[in-house]
Amino acid sequence: MEWLLYPMICFLFLLLLLFIGVPVAFSLSFVSVAAMYVLWGFDGLMTVASTAYSTNANFLLIAIPLFIFMGECVALSGVGADAFKMIDAWFGRLPGGLAMTAIGCCTIFGAVTGFAPATCSALGPAIIPELLKRKYDKALGLGALAGGAGLAVIIPPSIPMVIYGFLAEVSIGRLFYGGLLPGLIIAVIFGLYIMGRVMVNPSLAPLDPKGAPSFMEKMKVSIYILPFVGLILLVLGTIWGGVAAPSEAAAMGALGSIALLLYYKRLTWSRFKHILLATVRVNCMVMFILIGGMLFTQILVELGFASHLTKFVISLAVSKWVVFAIMQLLLLLGGCFLDPASLLFISVPIFLPIIETLGFDLYWFGVLTVINLGVAPMTPPVGVVLYVLKGVSPPEISLQDIMRGSAPYWLLYLIGMLPVIFFPQLVSWLPSLIIQ
């Protein structure tokens, strides 16, 4: 029973460290290094350096810092205000139009940042003052921002998809294709939810007294967003057109984001320094989690935990859908305490052998997992989106307002998983058209 005893001791110590407030990356690394020394002595420690180097030297992971850099550039470019004006001009007269505009802006930004906090920091300062000015219900408007920010996890390019593709050893480009339709469907579900609430209670979202803008006014504000649309096409278009791999497209996107800053006359040395420091800060967090996660996974593999657990699960007289549901429930609960990257590094190496043995498609499971992770950034007590929104909000908005508004979106994300579960073609159809 060593395959079960030692991993359970490791998991208990990991939970203890997380409970007392040790960061996830250091918790994983400490438990892994200690377990290697106890189990294999000094020889076990020899693998730490080689694992850390070989993991971070993987070419696929170059996309992560480049996408983070691109998101930071876009956040400081001021394009968030232009995107808001454009979408508000076209859709602002619909019931709950401003909240729907927030969803639309988050969807567009998700196609560039791939990182929910960056989406909040870019759009919050432009949208929140307008919500207060138009006397929108705080929970309705802030919930749209928090829920929409999670779309950055799903809409390609997505950093969690890059991580899942690396761990599962599947095509990141195919994952990007597969995540597009489900992401757009979830955005539509959010819009329908907002419209439904406002139609039932119009006082939640008063109409703008200025009236609807003219067609020429709509076209004028749309022109300003064209460079941003060009950046999206530069990244996703080169991937979808087969011109570049995700890592190469990320490099072009990083260069294009600098050009965007130049176009909007926002590139200064102080801003560029801020972008570099923010990129290094976030990337170091992800890479340290990656090292700790890979070391932890190596222990589980050496002890035969994944293989024995797979055999045990298969021997149970339960439907494979029950196993799938339990996995997704564990991910949902784990998202309350861990960020998406940490959760992926811990769970995917354990789940993948079981998923493959049960006959589930790895791309389908990956997209569903990433959708589930869209809830994690806005679930307390660790939901980073909640605190970023609070940081960019005026004093009259409380953290309770943001939590109250985001709560319905937890359920909406789960509802958004249902079409993908019942119609797997939503994941496979687009890749089958483009990737031969």
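Above this note sits the structure.
Criteria and thresholds
Residues numbered from 1 in each chain as written. Predicted model: local features only at pLDDT ≥ 70, side-chain atom pairs only at ≥ 80, totals over all residues. Heavy atoms only, no water. Salt bridge = Lys/Arg side-chain N within 4 Å of Asp/Glu carboxyl O. Buried < 20%, exposed > 50% of the residue type's maximum accessible area, 1.4 Å probe, protein only. Helix = DSSP H or I, 4+ residues; strand = E, 2+ residues; numbered from the N terminus. Expected span 1.5 Å × (residues − 1). Arc of directions from axis to C-beta. Contact = heavy atoms within 4.5 Å. Axes fitted to C-alpha atoms, helices over the stretch in contact; angles between N-to-C directions. Parallel < 35°, antiparallel > 145°, perpendicular 65-115°, else oblique. Nonpolar A, V, L, I, M, F, W, Y, C, P; charged D, E, K, R; others polar. Patch = residues over 30% accessible without salt bridge, like charges linked within 9 Å, V, L, I, M, F, W, Y side chains within 5 Å. Areas by Shrake-Rupley, 256 points an atom, 1.4 Å probe, with all protein chains shown as cover. Phe/Tyr/Trp six-rings, centres within 6.5 Å; stacked < 30°, edge-to-face > 60°. Lys NZ or Arg CZ within 6 Å of the ring centre and 35° of its normal. Bend = angle between axes of the 7 residues up to and from the residue. Lys, Arg positive; Asp, Glu negative; His and termini not counted. 1 Å grid on protein atoms, 1.4 Å probe; cavity = no way out; pocket = protein on both sides within 12 Å on 5 of 7 lines; lining within 4 Å. Points joined across faces, edges and corners; volume = space filled by probe spheres on them.

(A) Structural context of the pattern of salt bridges. By the definition in use, this model includes 2 salt bridges. Put simply, Arg134 and Glu130 hold a salt bridge, and the shortest N to O gap is 3.0 Å. In terms of burial, Arg134 and Glu130 fall into one category: buried. Taking the shortest distance from any N to any O, the salt bridge between Arg404 and Asp401 comes out at 3.4 Å.

(B) Region of interest: helix H17 (residues 320-334). Over its 15 residues, H17 runs 21 Å from end to end, which matches the ideal 21 Å to within 8%, given 1.5 Å per residue. For H17, every residue scored as buried is listed here: Val323, Phe324, Met327, Gln328, Leu331 and Gly334. On an axial view of H17, the arc spanned by its buried residues comes to 135°, and they lie on one face. Structurally, H17 contributes buried residues whose contacts are with helix H16 (305-315), helix H18 (340-358), helix H19 (362-373) and helix H21 (399-422).

(C) Spotlight on the packing of H17 against H18. Relative to each other, H17 and H18 sit at 175°, their axes nearing to 11 Å. Taken as axis vectors, H17 and H18 run roughly antiparallel relative to one another. Across the interface between the two elements, Lys320, Val323, Met327, Leu330, Leu331 and Gly334 from H17 touch Leu343, Ser347, Phe351, Ile354, Ile355 and Leu358 from H18. Among the residues making up the contact of H17 with H18, the classes are represented as 9 nonpolar, 2 polar and 1 charged.

(D) Geometry of a nonpolar patch on the surface. Taken together, the side chains of Leu5, Ile9, Phe13, Leu16, Phe19 and Ile20 define a hydrophobic patch exposed on the protein surface, amounting to about 660 Å² of accessible area. Note on placement: Ile20 falls in the loop between helix H1 (2-19) and helix H2 (24-40).

(E) Spatial organisation of the packing of aromatic side chains. Applying the stated criterion across every chain yields a total of 16 aromatic pairs. Here the aromatic rings of Tyr193 and Tyr409 are separated by 5.6 Å at their centres, their planes lie at 80°, and the arrangement is edge-to-face. Of this pair, Tyr193 sits in helix H11 (residues 172-200) while Tyr409 sits in helix H21; the two residues are 216 residues apart in sequence, bridging distant segments of the chain. The same class applies to Tyr193 as to Tyr409, namely buried. Centre to centre, the rings of Trp321 and Phe324 are 5.9 Å apart; their planes meet at 80°, and the pair counts as edge-to-face. Pair noted here: Trp321 and Phe324 are both in helix H17, with a separation of 3 residues, about one helical turn. Through pairs of rings, three or more aromatic residues link up here, namely Trp321, Phe324, Phe360, Trp364 and Phe365. Across from the ring centre of Tyr363, 5.6 Å away, lies the NZ or CZ of Arg174, which sits over that ring. One Lys or Arg, Lys320, reaches over the ring of Phe360 and ends 4.8 Å from the middle of that ring.

(F) Expanded view of H21. Compared with the 34 Å implied by 1.5 Å per residue over 24 residues, the 36 Å span of H21 between its first and last C-alpha is a close match. The principal kink in H21, of about 25°, is found at Ser406, preceding the proline Pro408 by one to four residues. Taken residue by residue, H21 has Leu399, Asp401, Ile402, Gly405, Ser406, Tyr409, Leu412, Tyr413, Gly416, Met417, Val420 and Ile421 as its buried positions.

(G) Spotlight on the side chain of Glu72. As for its position among the elements, Glu72 is in helix H4 (residues 63-77). One buried charged residue, Glu72, forms no salt bridge at all, with the nearest opposite charge on Arg281 at 6.7 Å. Beyond its immediate sequence surroundings of up to four residues, Glu72 is in contact with Ile275, Ala278 and Thr279.

(H) Looking closely at unusual backbone geometry. We note that Lys135 has phi near 60°; this positive angle belongs to a residue other than glycine. Within the secondary structure, Lys135 sits in the loop between helix H7 (116-133) and helix H8 (138-149). According to the relative accessible area criterion, Lys135 is exposed, its value standing at 65%. Here the phi dihedral of Lys265 falls at roughly 55°; this positive angle occurs in a residue that is not glycine. Structurally, Lys265 can be placed in the loop between helix H14 (246-263) and helix H15 (269-302). A relative accessible area of 76% means that Lys265 is categorised as exposed.

(I) Geometry of empty space enclosed by the protein. Enumeration according to the criterion identifies 1 cavity of 30 Å³ or more in this entry. The computed volume of the largest cavity comes to approximately 30 Å³. Every residue lining the largest cavity is listed: Leu131, Leu132, Tyr136, Asp137, Lys138, Leu142 and Ile397.

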